[in-house]
Amino acid sequence: MPSDLIRIVSRDSPMALAQVERVRAELAVLHPDVRTTVLAVKTTGDKWMGDLSQVEGKGAFTKEVDAAILSGEADLAVHCVKDIPADRPLPAGTTFAAFLARDDIRDALVHPEGLTLDQLAPGTRIGTSSVRRIAQLAASHPQVECVPIRGNANSRLAQLADGKADALLLAVSGLERIGRAEVISEVLSPEVMMPPIGAGVLALQCREDDDATIGLVSDLGHPGTHRETTAERMLLHVLQGHCNSPIAGYATTERDGELSLRAVVFSPDGKTVLRAHEWAGRLDPATLGTSVAVSLLRQGARELIDSIAH
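Heads up: these notes are all about the structure in this document. (Residues numbered from 1 in each chain as written. Predicted model: local features only at pLDDT ≥ 70, side-chain atom pairs only at ≥ 80, totals over all residues. Heavy atoms only, no water.)

### Some remarks on the overall build of the chain
- When you go through the chain residue by residue, the secondary structure sums to ten helices and 13 strands.
- Projected onto its principal axes, the C-alpha positions of the chain cover 60 × 50 × 40 Å.
- Looking at the chain residue by residue over its 310 residues, the buried ones come to 50%.
- When contacts within the chain are restricted to residue pairs at least 6 apart in sequence, long-range pairs at least 24 apart make up 69% of them.
- On the chain, roughly 13,500 Å² of surface is accessible, and the fraction owed to carbon and sulfur atoms is 52%. (Helix = DSSP H or I, 4+ residues; strand = E, 2+ residues; numbered from the N terminus. Buried < 20%, exposed > 50% of the residue type's maximum accessible area, 1.4 Å probe, protein only. Contact = heavy atoms within 4.5 Å. Areas by Shrake-Rupley, 256 points an atom, 1.4 Å probe, with all protein chains shown as cover.)

Structure, rendered in structure tokens:
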């Protein structure tokens, strides 16, 4: 392979390919002499419309992408961090080369008539298969009904138009990436809908011995996002959450530069809510993630997570 060519592998959904274009554009600014090509693959998670726990959980969205990197078919993978399992290490032989500057972490309500969450009538069908969203709606808006909808954002919007749901919950960042922000009827604050671990973050993954590619793309990384993502993923790793675990949380960098981490573990019905929030102080990001996880474990998170079938 020519040293000035980087082969990028990604899922083949419109959103995933839009994310690749962001990486290509940022890379072209830093290294205008570097050429890129794109290998689009359809993952098991994209093909399977059932319960993810039956097909390796979140790993179903990364398995084929990981294989392309490890086989040498591609040099760089672009992932949404929220889709990368944190209960186990990255595949041996691969590493994160960079985390891009974080996009919006919030969720959005999409309602054809522009209604807000609080305006929804009892029995309104909200399309989502996210256990995190379902648990939080059960706790805050038990009068609405969640109906399972999977697929990429465009597919879900099409299903909404077909009447399979009355409204949707989707990520603000995802809608912005595909140029569909106009469908948003309400942006939900993290206090109303706590985001998933890694929300709004794109990760670049390479073979760990590929110094050339790592050297070229590492400059795309954002230090603040790296610290936040490290804390969040360590939290999830210590909790050993699986794809059916309603776990939410996010780290933020305060104005003084200090890192803080909020996290919540729910029961699927939203009746049990365990919360933790700590500031880093002298702790490094990974230790902060561990500390917040331990706080949740002391409240009973282990028993709650293990009681959920997966």
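### Topic: unusual backbone geometry
- In this structure, Gln240 is a non-glycine residue whose phi angle is positive, near 55°.
- Judged by relative accessible area, Gln240 falls into the partly exposed class, the value being 35%.

### A look at the pattern of salt bridges
- This model, assessed by the stated rule, comprises 19 salt bridges.
- Notably, a salt bridge pairs Glu228 with Arg102, separated by 3.1 Å at the nearest N-O pair. Of this pair, Glu228 sits in helix H8 (residues 223-239) while Arg102 is found in the loop between strand S4 (94-99) and strand S5 (107-110), placing the two residues 126 residues apart along the sequence. Neither Glu228 nor Arg102 differs from the other in exposure class; each is buried.
- Between Arg133 and Asp107 there is a salt bridge whose closest N-O contact spans 2.7 Å. One end of the pair, Arg133, is in helix H4 (residues 131-140); the other, Asp107, is in strand S5, and 26 residues separate them in sequence. (Salt bridge = Lys/Arg side-chain N within 4 Å of Asp/Glu carboxyl O.)

### Concerning the sheet that holds strand S11 (residues 247-253)
- Pairing is antiparallel in the open sheet, where three strands are placed in the order S11-S12-S13. Edge positions in the sheet fall to S11 and strand S13 (273-279), since each has one partner strand and no second. Adjacent strand axes in the sheet meet at a mean angle of 10°, parallel and antiparallel pairs treated alike.
- Two strands pair when backbone bridges link them, and S11 and strand S12 (residues 259-266) are joined in this way by seven bridges, in the antiparallel orientation. Pairing of Thr252 across the sheet is with Ser260, part of S12.
- Against the sheet, H8 touches S11 and S12, its axis set at about 150° to S11. (Pairing = 2+ DSSP bridges. Axes fitted to C-alpha atoms, helices over the stretch in contact; angles between N-to-C directions.)

### So, the pairing of strand S1 (residues 5-11)
- Of all the seven residues making up S1, six are buried; the element is thus mostly covered by neighbouring parts of the structure.
- Of the pairings in the sheet, the one linking S1 to strand S2 (residues 35-41) comprises seven bridges and is parallel in character. Looking at S2, one finds that Ser10 is bridged to Ala40.
- You can see the chain leave S1, run along helix H1 (residues 14-30) and come back into S2, and the turn it takes is right-handed.
- As judged from the two bridges shared by S1 and strand S3 (residues 76-80), these two strands associate in the parallel manner. Looking at the pairing, Ile8 lines up with Leu76 of S3. (Right-handed = clockwise from strand over helix to strand, strands pointing away.)

### Re the pairing of S5
- The alternating pattern of S5 places Asp107 and Leu109 and Ala108 and Val110 on opposite faces, both of which are buried.
- Two elements, S5 and strand S9 (residues 186-188), share three bridges in a ladder whose sense is antiparallel. Opposite Ala108, over in S9, you have Val187 as the bridge partner.

### Some points on the nonpolar core
- Counting 23 residues, the largest nonpolar core has Leu235, Leu239, Leu261, Val265, Leu288, Val292 and Leu296 as its most contacted members.
- Where this core is concerned, the elements lending two or more residues are H8, S11, S12, S13, helix H9 (285-298) and helix H10 (301-306).
- With residues near it in sequence (within four places) discarded, Leu235 still touches Ile197, Leu261, Ala263, Gly289, Val292, Ala293 and Leu296.
- Core analysis: the second largest hydrophobic core is formed by 19 residues, Val20, Leu27, Ala98 and Leu216 among them. (Core = buried A, V, L, I, M, F, W, Y, C linked by side-chain atoms within 4.5 Å.)

### Thoughts on the sheet that holds S5
- Read across the open sheet, the five strands follow the order S7-S6-S8-S5-S9; overall the sheet is mixed. A strand with exactly one partner marks an edge of an open sheet, and here the two such strands are strand S7 (145-147) and S9. Taken pair by pair, the neighbouring strands of this sheet meet at an average axis angle of 30°, ignoring direction.
- As paired elements, S5 and strand S8 (residues 167-171) share four bridges and run antiparallel to each other. In the sheet register, Asp107 faces S8, and the bridge partner there is Ala171.
- The sheet contacts of H4 involve S5, strand S6 (125-127), S7 and S8, and relative to S8 the element is tilted by about 125°.
- Each of S5 and S8 is contacted by helix H5 (residues 153-161), which is oriented at about 170° to S8, the strand it contacts most.

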